[in-house]
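What follows is the residue order along each chain.
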Amino acid sequence: MATPSAAAERFPVVIVGAGPAGLTVGCVLRAAGVDCLVLECETRAFVERRPRAGVIEEWAVHGLARRGLARRLLARAQRHTACEFRFGGERYLFRYGEMTDRHHWVYPQHFLVTDLVREYVDVRGGAARFGVRDVRLHGLDTERPSVSYVCPDSGERRVAECAFVAGCDGARGVTRDAVPAGRTRISRYDYGIGWLALLAEAPPSAECVVFGMHPRGFAGHMQRSPEVTRYYLQCPPGDDPESWPHERVWGELRQRLRAADAPELNEGRLIEKRVLDMHNYVVEPMVSGRLFLAGDAAHLTAPIAAKGMNLALHDAFLLADGLVARLTEGDDGVLARYSDTCLRLVWDYQEFSQWLSEVYHGTASGDPYRAATTLARLRRLFDSPVAAAAFAEQYLGTRTAV
Ligand code: RFL
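Keep in mind the model is a prediction, meaning the values are calculated, not measured.

Looking at the pattern of salt bridges
Phase 1: If you walk through the whole model with that rule in mind, you get 28 salt bridges.
Phase 2: Connected through salt bridges with shared partners, the residues Arg10, Arg144 and Glu161 form a single ionic network.

Written out as C-alpha cells, the structure is:
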C-alpha cells in the first residue's frame, strides 16, 4: 500500500495519458499560459517508440500546424494521393488526389508523440510525470476534483488538485471507469474478426496503401517509412501470433495481395506481430462532472478505416480550446458543446468503418451473397463518379473542420 505524501500540488488541469490526445491538449494549454500536469503510466522512452497509427488526415495536420505542432511532421511526412484495391486478381488504383485535390499524410504515430512530448515538456515547459502507477480520480462532481497517483521512485501516493480532468488514457485506461454507474452509455460493436498487425523491416512494396480483398481473407499494405512497412492479415479473433511464423506470414501476404502486374513483395524481418480483435465502442456523453474524456478513452474505432488517431486529435483540439476559453475568459460555451460536437464526428467515422469493413471482409465471409455484394460495392467505386466522390469524402475526412 502506497503512503500518502503530505502536500497536494495544484494545477488548473490534470491530463491522464501522454498519447496524441493528452499531449495535444497539454501543448495547447501551455501555449495559452494555462498550467497543467500530464500523468503517464509508461516511460517517456516507451511512448516515443510505441508504433501504432500512420495515416493522418489533412484537416488534422492543419489543426496541428495552426497550433504550432506540425513543423517536424510537415518536414518529414509523406503525402499520399491514391490507394489501390486488389480483387479478382486485378489492381484498381483509386486516385483520390486527382479527384478532390486533397491528400492524406503518412507519419508514424510515435514520431508525432515524440514531437509532442518534446514540444510540451522541453519547449513549452509543461509538467509531466512518466511511469506513474495506480492513478485514481476523486471528487469529479465537485468544483475541486483531484487526481492521485503513486510516484515510481518514492512509492509515495501524491495528489494533484485541479479544476478539470482530461481523461486521455486510451482504451485500457482508468478514467472512463471513474464515471459513476448509469451516467454514461457505452455502445459496443464486435466485428467478430481479427487482424494480425505486422511491422516489417522492409521497404514498401507499392507506392500507396494497398487493400487486398481475397477469399482467404483481407490483407493490407501501408508504408510507414522508407525502411518499415505495416501489413495486416485478417485472422480469427484471439488467434495466437506465434502461430504465424515468418514463412506463413509472407506466404499469405503474397497470395492475398497477388494481382496481374503487381510487383513482388519486399520481404523483411517482422519486428511487430500482434493480433487485434476488431471491435468498437462509444461512450456517451464524453463528459461526467469535471471529467472530460478524449480519444480512445471515449471511443474506439478498430484500425479498419485508420480513423482513431484522427478522432483523438479532433477531440483534443476542441477540449483544449474549451478549457482555454473557460479558464482564461470564463466562457463555458465550447466545453458545454464538447461532447455533442465530438460525437457527431465519432459516429460518422464509426459508420464509415462499418461500411469499409464489409468491403474488406465480405469476400472471405464464406457467404456467396455477401461476397457478391462486396464485389458490387467495389466495382461501383470504379464505375460511378458519384460513388467514388462519396468514398473519397469519407476516406479523406474532407467534411471535418476544426
Ligand atoms: P493512446 O495513444 O492510447 O494514449 C493513451 C496514453 O495513456 C496512457 N495510459 C495511462 N496513463 C496513466 N494512467 C493510466 N492508468 C493509463 N492507462 C493508459 C497510455 O500508456 C498512453 O500513453 O490514446 P489517444 O491519445 O486517445 O490516441 C488514440 C490513438 O493512439 C489510436 O486511436 C490510434 O493508434 C488508432 N490507429 C490509427 N489511427 C489513425 O487515425 N490512423 C491510423 O493509421 C491508425 N492505425 C491504429 C492504427 C491503432 C493500431 N493499434 C495498435 C490498435 C494501427 C494500429 C495497429
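What about the site of the ligand?
Phase 1: In the vicinity of the ligand, 36 residues are found, and the nearest of them are Glu40, Arg50, Arg52, Gln109 and Met309.
Phase 2: Contacts to the ligand include Ala21, whose backbone N or O atom sits 2.9 Å from an oxygen atom.
Phase 3: With respect to the ligand, the side chain of Glu40 contributes an N or O atom lying 2.6 Å from an oxygen atom.
Phase 4: At the level of secondary structure, the elements contributing two or more residues to the shell around the ligand comprise α1 (20-31), β4 (36-40), β18 (229-235), β19 (269-284) and α8 (308-329).

Some points on the sheet that holds strand β20 (residues 287-288)
Phase 1: One open sheet accounts for six strands, arranged β10-β4-β3-β14-β21-β20; its pairing is mixed. Single-partner strands in this sheet number two, and they are β10 (127-130) and β20.
Phase 2: Here four bridges tie strand β3 (residues 13-16) to β4, and the two strands are oriented parallel to one another. For Val14, the partnering residue across the bridge sits in β4 and is Leu37.
Phase 3: The strands touched by helix α6 (residues 109-123) are β4 and β10; relative to β10, the strand with the most contacts, the crossing angle is about 125°.
Phase 4: Against the sheet, helix α9 (residues 333-361) engages β14 (164-167), β20 and β21 (291-293), with an angle of about 40° to β21.

Some remarks on the packing of aromatic side chains
Phase 1: One pass over the full model with this rule turns up 24 aromatic pairs.
Phase 2: A centroid spacing of 5.2 Å and a plane angle of 15° characterise the contact between Phe391 and Tyr395, whose relative ring orientation is stacked. With a gap of four residues between them, Phe391 and Tyr395 both fall in helix α11 (residues 385-396), about one helical turn apart. In terms of burial, Phe391 and Tyr395 fall into one category: buried.
Phase 3: Sitting over the face of the ring of Trp244, Arg248 holds its NZ or CZ atom 3.6 Å from the ring centroid.

Focus: the sheet that holds strand β15 (residues 185-201)
Phase 1: Read across the sheet, eight strands follow the order β8-β7-β16-β17-β18-β15-β19-β22 without closing on themselves; strand pairing throughout is mixed. Looking at strand neighbours, the two that pair on one side only are β8 (90-94) and β22 (299-300), the edges of this open sheet.
Phase 2: Inspection of the sheet shows β15 paired to β19 by 14 bridges, in the antiparallel sense. Bridged to Gly194 within β19 is Asp277.
Phase 3: Lying on the sheet, helix α7 (residues 246-256) is in contact with β15, β16 (209-213), β17 (219-223), β18 and β19; it crosses β18 at an angle near 85°.
Phase 4: The sheet strands contacting helix α10 (residues 368-383) are β7 (83-87), β8 and β16, and the helix crosses β7 at an angle near 140°.

Focus: the environment of Glu42
Phase 1: Topologically, Glu42 is positioned in the loop between β4 and α2 (44-47).
Phase 2: Owing to a relative accessible area of 28%, Glu42 belongs among the partly exposed residues under this scheme.
Phase 3: Sequence separation of Glu42 and Gln78 is 36 residues, and the distance between their C-alpha atoms is 29 Å.
Phase 4: If we ignore the near neighbours within four places in the chain, the residues touching Glu42 are Val47, Arg50, Phe130 and Gly131.

Definitions and cut-offs
- Each chain carries its own residue numbering, running from 1 in the direction its sequence is written.
- The predicted origin of the model limits local features to residues at a pLDDT of at least 70 and limits the giving and counting of side-chain atom pairs to 80 or more, whereas totals for whole chains, interfaces and linings rest on all residues.
- Hydrogens and water are ignored here; the side-chain numbers use all heavy atoms of the structure.
- By salt bridge we mean one thing: a side-chain nitrogen of Lys or Arg within 4 Å of a carboxyl oxygen of Asp or Glu.
- We call a residue near a molecule or strand when any one of its heavy atoms sits within 4 Å of it.
- Any pair of nitrogen or oxygen atoms within 3.5 Å is treated as a polar contact; in protein, a donor-acceptor pairing is required on top of that, and neighbouring residues in sequence qualify only through side-chain atoms on both sides.
- Only DSSP runs of H or I with at least four residues qualify as helices, and only runs of E with at least two residues qualify as strands; both kinds are numbered from the N terminus onward.
- One bridge is not enough; two strands pair if DSSP finds at least two bridges between them.
- Contacts are assigned to residue pairs that have any heavy atoms within 4.5 Å of one another.
- Fitted lines through C-alpha atoms give the axes, limited to the stretch in contact for helices. The angle between two N-to-C directions lies from 0 to 180 degrees.
- Each aromatic pair joins two rings of Phe, Tyr and Trp (for Trp, the six-membered one) with centres within 6.5 Å, and gets the label stacked for planes under 30 degrees apart, edge-to-face for over 60, and tilted for any other angle.
- Burial classes follow relative accessibility: with a 1.4 Å probe on protein chains only, a residue under 20% of its type's maximum area counts as buried, one over 50% as exposed, and anything between as partly exposed.
- Each ring is checked for a lysine NZ or an arginine CZ that lies within 6 Å of its centre and within 35 degrees of its normal; such an atom marks a charge sitting over the ring.

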